[in-house]
Amino acid sequence: MFVNREREILRLKQALGRERACLVVVYGRRRCGKTTLLRHVLPANAIYFAADQRDQTLQIAALARQADKLVPGFGKPAYPDWESLFTSLNLALQERATLCIDEFPYLVKNCPELPSIIQRLVDAKSLRYHLILCGSSQQMMHGMVLDGASPLYGRSDEVLRVKPMGISHLKAYLDVDAIDAVREFGVWGGVPRYWEIRKQVGGFADAVKNNILDQFGVLHEEPERLFYDEMRTSTQAYSILCLIGAGCHRVSEIAGRLGKPATHLSRLLGFLIDLGYVRRELPFGESVRSTKKTLYKIDDPFLNFFFTFLVPNKSRLEFGLVDQVWGDIIRQYDQYLSGTWEHLCRGAVPFLEFDGKRFSPSTRWWGAGLDGKPMELDLVAESVDQSTLLLGEVKWGDKVNLGALRGELERKVGQASFIKGRQVITALFVKKARKESFSDMGCNVLTPGMVIDCMG
């Protein structure tokens, strides 16, 4: 089942349909469906080659054999280097074709001059084939294509970063209702390969136990595989995510637990943010330079689940106590899921309209109210025209008193110092609510179905 990626498919097909040869770069974290996407759009006259970590000579010979399908006999000669192979293929082709090299960074590790070779071929403007370079090492792909010092900088006709998909596509893929979609998203996130693995097992509990908690599960050591693509050693990154998963959200806390100066962590935290594994949270209206209230959260739902629940229970899982650990998880899961639900609601705000107004991306706010007491608001957003603020409370529970929740929100509105005379629109984001209560509340009420549908 292939869902989403319509924009990526359109751009790839447009590039491959051009008269002149194009250089296309596709990158993104492992398991996000890059290879499936490419196979979905590659024409019949395409050469697809999946690189690996073999010696350069063996890789050259393997790619030459793959070219046999378009140029019979092309794989018989021995090509001494990549330049001779690419040049020979160009001379042998009689019509426009496509060469797709998957996991391109593996080739560059064995041949650092390869980007320069491709640069010369592209600059000569005589290629007879479109060239697609794909890779899971986001750092290497970014450095080879988007870094100003890279030989390939500015030469790509298309650069597509394939990101995890949204919850609406998971809902369609697993064919579940909106509440179950939130529950599933809290574990599998937006990574298509995780969805495939989930779908192979009938029930939610069995899927988590068999694939993640069991020491033989295919996702039991997934973070190590993800980090392997991006860094020489994953020890410090793994340690940081362990601490964030355990509730250390300030850089001072993380540094203290690691016994390192906080300044030593800024580069790695920035790197993890760029990869999409960690996010930085600031109170509404403040910037990184103006506040010391910065919090760090695990941004990827799967990694958040892994470092929150699996890592602290690693020893018990090594003894095969999967059911025992799962029992502990399920008792805490609704509370854990409230964070996922909050993040989804904040992400939905730019797609929604409240009282005829559109809003910029939302965040949280925390600090002292006008009465000097500490206060938090789950969701704050400014309208695009900057005239209005949206303030919301987000709850994930089966029994939520909407009247009491609305009263609490109104109290917080009265204590919020950052409103400064602007119009305020309020909203409640809840797991369940009767339809007849929507109009009676005097404020907007949104449920999972409404949140998910707007992000489709």
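Heads up: the structure comes first, above all this text.
Caption draft 1: Geometry of the overall build of the protein chain. When you go through the protein chain residue by residue, the secondary structure sums to 21 helices and 14 strands. With respect to the principal axes defined by its C-alpha atoms, the protein chain has extents near 80 × 55 × 45 Å. Each of the 456 residues in the protein chain was classed as buried or not, and the buried ones make up 51%. Put simply, of all contacts in the protein chain between residues at least 6 apart along the chain, 65% involve residues at least 24 apart. Here the protein chain holds 60 positive side-chain charges and 53 negative ones, and the gap between their average locations is 2 Å.

Caption draft 2: Inspection of the side chain of Ser-168 at higher detail. Turning to its location among the elements, Ser-168 is positioned in helix α8 (residues 167-174). When near neighbours in sequence (up to four residues on either side) are disregarded, Ser-168 contacts Ile-452, Met-455 and Gly-456.

Caption draft 3: Region of the structure containing the nonpolar core. Core analysis: the largest hydrophobic core is formed by 98 residues, its most contacted members being Trp-188 and Phe-429. It is helix α18 (residues 322-348) that contributes the most residues to this core, 11 residues altogether. Of all hydrophobic cores here, the second largest spans 40 residues; its members include Tyr-27, Phe-104, Val-108 and Leu-114.

Caption draft 4: The arrangement of the packing of aromatic side chains in detail. Summed over the entire model, instances satisfying the criterion amount to 19 aromatic pairs. For the ring pair Phe-306 and Phe-307, a centre distance of 5.3 Å and an interplane angle of 70° mean the geometry is edge-to-face. Note on accessibility: Phe-306 and Phe-307 belong to one class, buried. Pairing Trp-365 with Phe-418 gives two aromatic rings, centres 5.2 Å apart and planes at 50°, and the pair type is tilted. Highlighted residues: Trp-365 in strand β10 (residues 363-368) and Phe-418 in the loop between α19 (402-415) and β13 (423-430), separated in sequence by 53 residues.

Caption draft 5: Summary view of helix α1 (residues 6-16). Turning to α1, its buried residues are Glu-8, Ile-9, Leu-12, Ala-15 and Leu-16. When α1 is viewed along its axis, its buried side chains cluster within an angular range of 130° and face the same direction. Residues Glu-6 and Arg-7 are exposed on α1 and point more than 90 degrees away from its buried face.

Caption draft 6: Highlighting the environment of His-142. Among the secondary structure elements, His-142 is positioned in helix α7 (residues 138-145). What makes His-142 partly exposed here is its relative accessible area of 39%. Placed 11 residues apart in sequence, His-142 and Tyr-153 show a C-alpha to C-alpha distance of 9.7 Å. With residues up to four places along the chain from it excluded, the contact list for His-142 reads Tyr-27 and Asp-147.

Caption draft 7: Representation of the sheet that holds strand β2 (residues 46-50). Ordered by their spatial adjacency, five strands build an open sheet running β2-β3-β4-β1-β5, and the pairing between neighbours is parallel. Since the sheet does not close on itself, it has two edges, and those belong to β2 and β5 (158-161), each with one partner. Neighbour-to-neighbour, the strand axes of the sheet open up by a mean angle of 10°, direction not taken into account. Where strand β1 (residues 23-27) lies against β5, four bridges are found, and the strand directions are parallel. Residue pairing across strands places Tyr-27 opposite Arg-161, the latter belonging to β5.

Caption draft 8: Expanded view of the pattern of salt bridges. If you walk through the whole model with that rule in mind, you get 33 salt bridges. With its nearest N and O atoms 3.0 Å apart, the salt bridge here joins Glu-83 to Arg-120. Residue Glu-83 is found in helix α4 (residues 82-92), and its partner Arg-120 is found in helix α6 (residues 114-123); the two are separated by 37 residues along the sequence. Taking relative accessible area as the criterion, Arg-120 reaches 44% and is therefore assigned partly exposed. Across the salt bridge formed by Arg-331 and Asp-328, the nearest N and O atoms sit 2.4 Å from each other.

Caption draft 9: Structural view of unusual backbone geometry. Here the phi dihedral of Glu-103 falls at roughly 55°; this positive angle occurs in a residue that is not glycine. Along the polypeptide, Glu-103 turns up in the loop between β3 (97-102) and α5 (104-110). Among the residues examined, Glu-103 registers a relative accessible area of 15% and is labelled buried. One non-glycine residue, Gln-386, lies in positive phi territory at about 65°. One can find Gln-386 in the loop between β11 (374-382) and β12 (388-395).

Caption draft 10: The arrangement of empty space enclosed by the protein in detail. If you walk through the whole model with that rule in mind, you get one cavity of 30 Å³ or more. Residue lining of the largest cavity: Arg-30, Glu-103, Pro-105, Tyr-106, Lys-109, Ser-136, Ser-137, Met-140, Tyr-228 and Asp-229, and that is the complete set. Here the lining of the largest cavity gets three residues from one element, more than from any other, and that element is α5. In the lining of the largest cavity, the residues fall into four nonpolar, two polar and four charged.

Caption draft 11: Just α6, in detail. Within α6, the full set of buried residues consists of Leu-114, Pro-115, Ile-117, Ile-118, Leu-121 and Val-122. Looking down the long axis of α6, one finds its buried residues gathered within 155° of arc, a one-sided arrangement. Those residues of α6 hidden inside the fold are in contact with β1, α4, α5, β4 (129-135) and α7. Lys-125, located one to two residues past α6, shows a positive phi value of around 55°.

Caption draft 12: A look at the pairing of β2. For β2, the buried fraction is high: four of the five residues fall into the buried class. In terms of strand pairing, β2 meets β3 through five bridges, oriented parallel. Across the sheet, residue Ala-50 finds its bridge partner in β3, namely Asp-102.

Conventions and cut-offs
Residues numbered from 1 in each chain as written. Predicted model: local features only at pLDDT ≥ 70, side-chain atom pairs only at ≥ 80, totals over all residues. Heavy atoms only, no water. Helix = DSSP H or I, 4+ residues; strand = E, 2+ residues; numbered from the N terminus. Buried < 20%, exposed > 50% of the residue type's maximum accessible area, 1.4 Å probe, protein only. Contact = heavy atoms within 4.5 Å. Lys, Arg positive; Asp, Glu negative; His and termini not counted. Charge placed at Lys NZ, Arg CZ, Asp CG, Glu CD. Core = buried A, V, L, I, M, F, W, Y, C linked by side-chain atoms within 4.5 Å. Phe/Tyr/Trp six-rings, centres within 6.5 Å; stacked < 30°, edge-to-face > 60°. Arc of directions from axis to C-beta. Pairing = 2+ DSSP bridges. Axes fitted to C-alpha atoms, helices over the stretch in contact; angles between N-to-C directions. Salt bridge = Lys/Arg side-chain N within 4 Å of Asp/Glu carboxyl O. 1 Å grid on protein atoms, 1.4 Å probe; cavity = no way out; pocket = protein on both sides within 12 Å on 5 of 7 lines; lining within 4 Å. Points joined across faces, edges and corners; volume = space filled by probe spheres on them. Nonpolar A, V, L, I, M, F, W, Y, C, P; charged D, E, K, R; others polar.

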